[in-house]
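# Chains, contacts and geometry: an overview
Take a look at the letters that make up each chain.
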Amino acid sequence: MAKAPRVILWSVKSTIVSVPVQRAGSRDNKHAVGDQDLLAVEEPLQIRLGDRDLAITMRTPGNDEELAVGFLFTEGLLSGRDAIESVKPGENSLTIALKGDAPPDLSSQTRHFYLTSSCGVCGKASVNALVAAGCTAPPRGRPRVETATILNLPEALRATQPVFERTGGLHAAALFDASGMLQLVREDVGRHNAVDKLVGRSVLDGQIPLSDSLLLVSGRASFELVQKALMAGIPILAAVGAPSSLAVETAMRFGMTLAGFLRDGRFNIYSGAERIYSK
């Protein structure tokens, strides 16, 4: 029996690796052909709050400080950049120390902070917990965004996804203003991580709440993404994919505009239609 080929990974960037692959099914050649393929990197990140191990998330390396800060902020454990004493990176770990002697109250956290890249167990235990975490409704009726502007967002996002273009394996999240001008974009193997990186950057830049911004995500709109957007004060969330029932319920509860299936020149509005208009 032939020995299995030795797998050697070499880094193109910190976010991409090349692996050997056998390509099959070609019209010109029925036999599998050896080649190389580019893949998005997925590695664990241990998030520590002071001397406490708080969370492990599977993420694409890069922007780890943003990811950790955004995660703590959207979980209600961090009030803003002024509460941060220090941020210390380690080997696949990052430790955030907060100012003051009193540690944040973790008693309201009703889940264990182990997060996969698909984030199947993310989110608060209930919609009511968002209120307890300090989540408030975004400004009513603003900003107002034209339908044509929203339809143009996926193309604008795709043009800024360098790693996705090479691997096809990443989610993306982007902030736009009401005119459709791109403000910030992040990619990650986890859709929740991409959003946390956006929020974390905004926290570090002192731009929270994002009450005049629109968030676009490349996948589906789950409850945890609505949760994170609301904690950051984002009034409009648009997704290329479908929303979940709890995502719609939460958006309606807080008065957020939630749009889904944003592709092929159309989209559905599930909540907050008053912020979207057509000329």
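These lines cover the structure that appears in this document, whether it is placed above or below.

## Focus: the environment of T147
Take T147: it is sitting in helix α3 (residues 147-151). If we ignore the near neighbours within four places in the chain, the residues touching T147 are F267, I276, Y277 and S278. Here S278 takes part through its side chain, which lies 2.7 Å from a polar atom of the side chain of T147.

## Points about the pattern of salt bridges
Pairing between side chains of opposite charge can happen when their charged atoms approach one another. Applying the stated criterion across every chain, the model contains 9 salt bridges. For the salt bridge of R48 with D53, the shortest nitrogen-to-oxygen distance reads 2.1 Å. Here D212 makes a salt bridge to R142, at a shortest N to O gap of 2.7 Å. Of this pair, D212 sits in the loop between α6 (191-204) and β12 (213-217) while R142 sits in the loop between α2 (127-132) and β9 (145-146), and the two are 70 residues apart along the sequence. Residue classification places D212 among the partly exposed positions, given a relative accessible area of 42%. In this structure R142 comes out as partly exposed when scored by relative accessible area, which is 38%. Each member of the salt-bridge network shares a partner with another, and the members are E66, R186, R201 and D205.

## Things to note about the pairing of β12
The buried fraction of β12 is high, at 5 of 5 residues. Every second residue of β12 is oriented toward a common face, with S213, L215 and V217 on one face and L214 and L216 on the other, all of them buried. Of the strand pairs in this sheet, strand β10 (residues 171-177) and β12 are connected by 5 bridges, and their pairing is antiparallel. Its bridge partner being in β12, A174 is matched across the sheet by L216. Here β12 runs beside strand β13 (residues 236-239); their pairing, made up of 4 bridges, is parallel. Within β13, the position partnered with L215 by the bridge is L237. As for the winding sense of the linkage, the β-α-β connection from β12 through helix α7 (residues 223-231) to β13 is right-handed.

## Description of α6
Along its 14 residues, α6 runs 20 Å from first to last C-alpha, staying within 8% of the 20 Å computed at 1.5 Å per residue. The buried count for α6 comes to 13 of 14 residues, which makes it a mostly enclosed element. Two residues or fewer after α6 comes G206, characterised by a positive phi angle close to 70 degrees.

## Section: the side chain of E224
With respect to the element layout, E224 can be found in helix α7. At 2.9 Å, the side chain of E224 and the side chain of S222 are in polar contact.

## Some remarks on the pairing of strand β6 (residues 84-90)
Where β6 lies against strand β7 (residues 93-98), 6 bridges are found, and the strand directions are antiparallel. Within β7, the residue paired with I84 across the bridge is L98. The loop that links β6 with its antiparallel partner β7 comprises 2 residues; one of these, N92, has a positive phi angle of about 55 degrees.

## Points about the sheet that holds β10
The 6 strands are arranged β11-β10-β12-β13-β14-β15 in an open sheet whose pairing can be described as mixed. Each edge of the sheet is formed by a strand with only one pairing partner; in this case those strands are β11 (182-188) and β15 (266-271). Averaged over all pairs of adjacent strands, the angle between strand axes in this sheet comes to 20 degrees, irrespective of strand direction. Examined bridge by bridge, β13 and strand β14 (residues 257-263) share 3 bridges and lie parallel to one another. Opposite I236, over in β14, you have T257 as the bridge partner. Strands β14 and β15 of the sheet are contacted by helix α8 (residues 245-254), whose axis makes an angle of about 60 degrees with β15.

## Observations regarding the nonpolar core
Most often, soluble globular proteins keep nonpolar side chains buried together rather than apart. Counting residues in each nonpolar core, the largest one holds 46 residues, and the members touching the most others are L72, L215 and V217. Sequence-distant contacts of L215, that is, excluding residues within four places in its chain, are made with A173, A174, L175, V195, L198, A229, I234, I236, L237 and A238. Formed by 16 residues, the second largest nonpolar core is a distinct cluster that contains L157, A172, A238 and I276.

## Some words on unusual backbone geometry
Where the residue is not glycine, phi is negative for most of them; where a peptide bond is considered, it is trans in most cases. P143 follows R142 through a cis peptide bond whose omega is -5 degrees. Among the secondary structure elements, P143 is positioned in the loop between α2 and β9. Phi is positive for F261, which is not a glycine, with a value near 55 degrees. Inspection of the secondary structure puts F261 in strand β14. The exposure class of F261 is partly exposed, given its relative accessible area of 24%. Phi angles above zero are rare outside glycine, and D264 is one such case at about 55 degrees. Turning to its location among the elements, D264 is positioned in the loop between β14 and β15. Exposure remark for D264: the relative accessible area of 72% places this residue in the exposed category.

Definitions and limits used
Residues numbered from 1 in each chain as written. Predicted model: local features only at pLDDT ≥ 70, side-chain atom pairs only at ≥ 80, totals over all residues. Heavy atoms only, no water. Helix = DSSP H or I, 4+ residues; strand = E, 2+ residues; numbered from the N terminus. Contact = heavy atoms within 4.5 Å. Polar contact = N/O pair within 3.5 Å; in protein donor to acceptor, adjacent residues only side chain to side chain. Salt bridge = Lys/Arg side-chain N within 4 Å of Asp/Glu carboxyl O. Buried < 20%, exposed > 50% of the residue type's maximum accessible area, 1.4 Å probe, protein only. Pairing = 2+ DSSP bridges. Right-handed = clockwise from strand over helix to strand, strands pointing away. Expected span 1.5 Å × (residues − 1). Axes fitted to C-alpha atoms, helices over the stretch in contact; angles between N-to-C directions. Core = buried A, V, L, I, M, F, W, Y, C linked by side-chain atoms within 4.5 Å.

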